[in-house]
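These are the residues of each chain, in order.
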Amino acid sequence: MPHSTQPFIHLYVWPERFLYLGPSTTTSLHRNHAATWLVAQTGSLRVTLGDGTVLENEVVYIPPETEFRTTQAESLIAALYWEPESASFRRATAKFATAIARAFPCRYTGSAKLAELYAPEATRQDADQLIANLFGLDELGGAQDAIQDARIATAIAFLRKSPQAYDSIHGLAARVHLSASRFAHLFKQEVGVPVRRYVLWQKMRHALDLAMAGESLTNAALTAGFADSAHLSRTVRSIQGVAPEFLFRHRQRLVVHK
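Model, not experiment: these values are computed from the prediction.

## Things to note about the environment of Thr 71
- Mapped onto the fold, Thr 71 is located in strand β7 (residues 68–71).
- Spatially, the C-alpha atom of Thr 71 lies 15 Å from that of Phe 246, the residues being 175 residues apart in sequence.
- Residue contacts for Thr 71: discarding those within four places in its chain leaves Thr 25, Thr 26 and Arg 46.

## Observations regarding the nonpolar core
- The biggest cluster of nonpolar side chains holds 40 residues, and the ones touching the most others in it are Leu 11, Tyr 20 and Phe 248.
- In terms of residue count, the dominant contributor to this core is helix α6 (residues 195–212) (seven residues).
- Filtering out sequence-adjacent residues up to four positions away, Leu 11 remains in contact with Phe 18, Leu 19, Tyr 20, Met 212, Leu 247, Leu 254, Val 255, Val 256 and His 257.
- Counting 28 residues, the second-largest nonpolar core is a separate cluster that includes Val 39, Tyr 61, Leu 76 and Leu 114.

## Here's the deal with the side chain of Glu 190
- You can see Glu 190 is positioned in helix α5 (residues 180–191).
- Only 2.8 Å separates the side chain of Glu 190 from the backbone nitrogen of Asp 149, close enough to count as a polar contact.
- When near neighbours in sequence (up to four residues on either side) are disregarded, Glu 190 contacts Arg 90, Ile 147, Gln 148, Asp 149 and Ile 152.

## Remarks on the sheet that holds strand β4 (residues 45–49)
- Spatially, β5-β4-β7 is the arrangement adopted by the three strands of the open sheet, whose pairing is antiparallel. Strands at the two margins of the open sheet, each flanked by one partner only, are β5 (54–57) and β7. Pairs of neighbouring strands in the sheet enclose a mean axial angle of 20°, with direction left out of account.
- The sheet contact formed by β4 and β5 spans four bridges and is antiparallel. Paired with Leu 45 across the bridge in β5 is Asn 57.

## Focus: the pairing of strand β1 (residues 9–13)
- The buried count for β1 comes to five of five residues, which makes it a mostly enclosed element.
- Side chains of β1 alternate between two faces, with Ile 9, Leu 11 and Val 13 and His 10 and Tyr 12 buried alike.
- Sheet topology note: the β1/strand β10 (residues 254–257) ladder contains four bridges and is parallel. Following the sheet pairing, Leu 11 is matched in β10 by Val 256.
- Relative to strand β2 (residues 17–22), β1 runs antiparallel, the two being bridged by four bridges.

## Details of the packing of aromatic side chains
- Inspection of every chain in the model, using the stated rule, returns 11 aromatic pairs.
- Summarising the aromatic geometry, the rings of Trp 37 and Phe 89 are spaced 6.2 Å apart at their centres and angled 55° between planes, so their arrangement reads as tilted. One end of the pair, Trp 37, is in strand β3 (residues 35–40); the other, Phe 89, is in helix α1 (residues 87–92), with 52 residues separating them in the sequence. As far as the burial class goes, Trp 37 and Phe 89 line up, both buried.
- With a centroid separation of 5.4 Å and 80° between ring planes, the pair formed by Trp 37 and Phe 135 is classed as edge-to-face. Within this pair, whereas Trp 37 is found in strand β3, its partner Phe 135 is found in the loop between α2 (124–134) and α3 (150–161), the two being separated by 98 residues in sequence.
- Taking relative accessible area as the criterion, Trp 37 reaches 7% and is therefore assigned buried.
- Clustering of aromatic rings is evident, with ring pairs tying together Trp 37, Tyr 61, Trp 82, Phe 89 and Phe 135.
- Geometry around Trp 14 places Arg 17 over its ring, the cationic atom sitting 4.1 Å from the centre.

## Some thoughts on helix α8 (residues 229–240)
- In this model α8 runs 16 Å from its N-terminal to its C-terminal C-alpha over 12 residues, within 8% of the 16 Å that 1.5 Å per residue would give.
- Those residues of α8 that are buried lie in contact with β8 (77–82), α6, α7 (217–223) and α9 (245–248).
- Residue Asp 228 occupies the N-cap position of α8, its side-chain oxygen lying 3.2 Å from the main-chain nitrogen of Ala 230.
- Once α8 ends, the next one or two residues include Gly 241, with phi positive near 85°.

Conventions used here
- Residues numbered from 1 in each chain as written.
- Predicted model: local features only at pLDDT ≥ 70, side-chain atom pairs only at ≥ 80, totals over all residues.
- Heavy atoms only, no water.
- Helix = DSSP H or I, 4+ residues; strand = E, 2+ residues; numbered from the N terminus.
- Contact = heavy atoms within 4.5 Å.
- Core = buried A, V, L, I, M, F, W, Y, C linked by side-chain atoms within 4.5 Å.
- Buried < 20%, exposed > 50% of the residue type's maximum accessible area, 1.4 Å probe, protein only.
- Polar contact = N/O pair within 3.5 Å; in protein donor to acceptor, adjacent residues only side chain to side chain.
- Pairing = 2+ DSSP bridges.
- Axes fitted to C-alpha atoms, helices over the stretch in contact; angles between N-to-C directions.
- Phe/Tyr/Trp six-rings, centres within 6.5 Å; stacked < 30°, edge-to-face > 60°.
- Lys NZ or Arg CZ within 6 Å of the ring centre and 35° of its normal.
- Expected span 1.5 Å × (residues − 1).

Structural data, given as structure tokens:
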């Protein structure tokens with residue numbers, strides 16, 4: 001791991017999850033669609049849930065759609081965001097109690113090994129294998145979703161690929177030959193969130209992908225289907241607790257593994 005006061009920031013990106021390694025920051029109260037693991041490279045983390053509960057240790061787990069805010073850690077951190085409808089998430093967490101937020105020492109998870117991913121030669125395949133090992137698996141498998149209803153699976157595939165093309169729940173429901181009300185019910189049942197929140201999550205991911213590829217935040221926002229860059233910033237704040245500029249003002253130190 002670098003010892004510079006300005007280390008490189010590493011972002012490992014998969015279709016259903018992403019892993020951030022770099023400096024932390026204090027965030028506002030927010031909630032996102034993904035399950036979140038936060039790991040301090042040294043020392044501990046402090047996370048406050050929406051109900052005021054404080055979690056403090058080397059590793060903190062926050063279930064999907066749980067309100068929380070973080071206090072800036074003294075060390076670099078690793079943050080793993082994992083979409084809960086994915087088959088890889090469900091396989092990795094089959095033996096892990098995911099219903100409640102938890103804090104626990106690093107020695108129980110082996111998560112200190114995440115520091116290996118700061119090495120210049122580290123690849124996304126290395127990250128994939130390391131994450132699998134942390135959860136006691138030989139491999140995580142592909143990025144397919146663990147969705148039972150084929151119609152909802154089709155809708156999710158569409159939203160992952162082209163979230164900017166979403167126009168309304170009525171239009172999306174018609175694509176899979178369902179009424180809007182039936183579609184909304186099945187989607188919430190399968191994915192755990194309403195359609196609109198899932199669309200915002202995918203639009204945010206698409207916009208940040210574009211920005212990481214070199215687009216300005218304004219162009220990335222418009223291409224991803226946001227009204228303007230301010231709309232993107234508000235969305236990122238509500239989902240991640242920080243403005244997108246937190247990441248992109250350090251673009252020259254950002255290493256993206258895709």
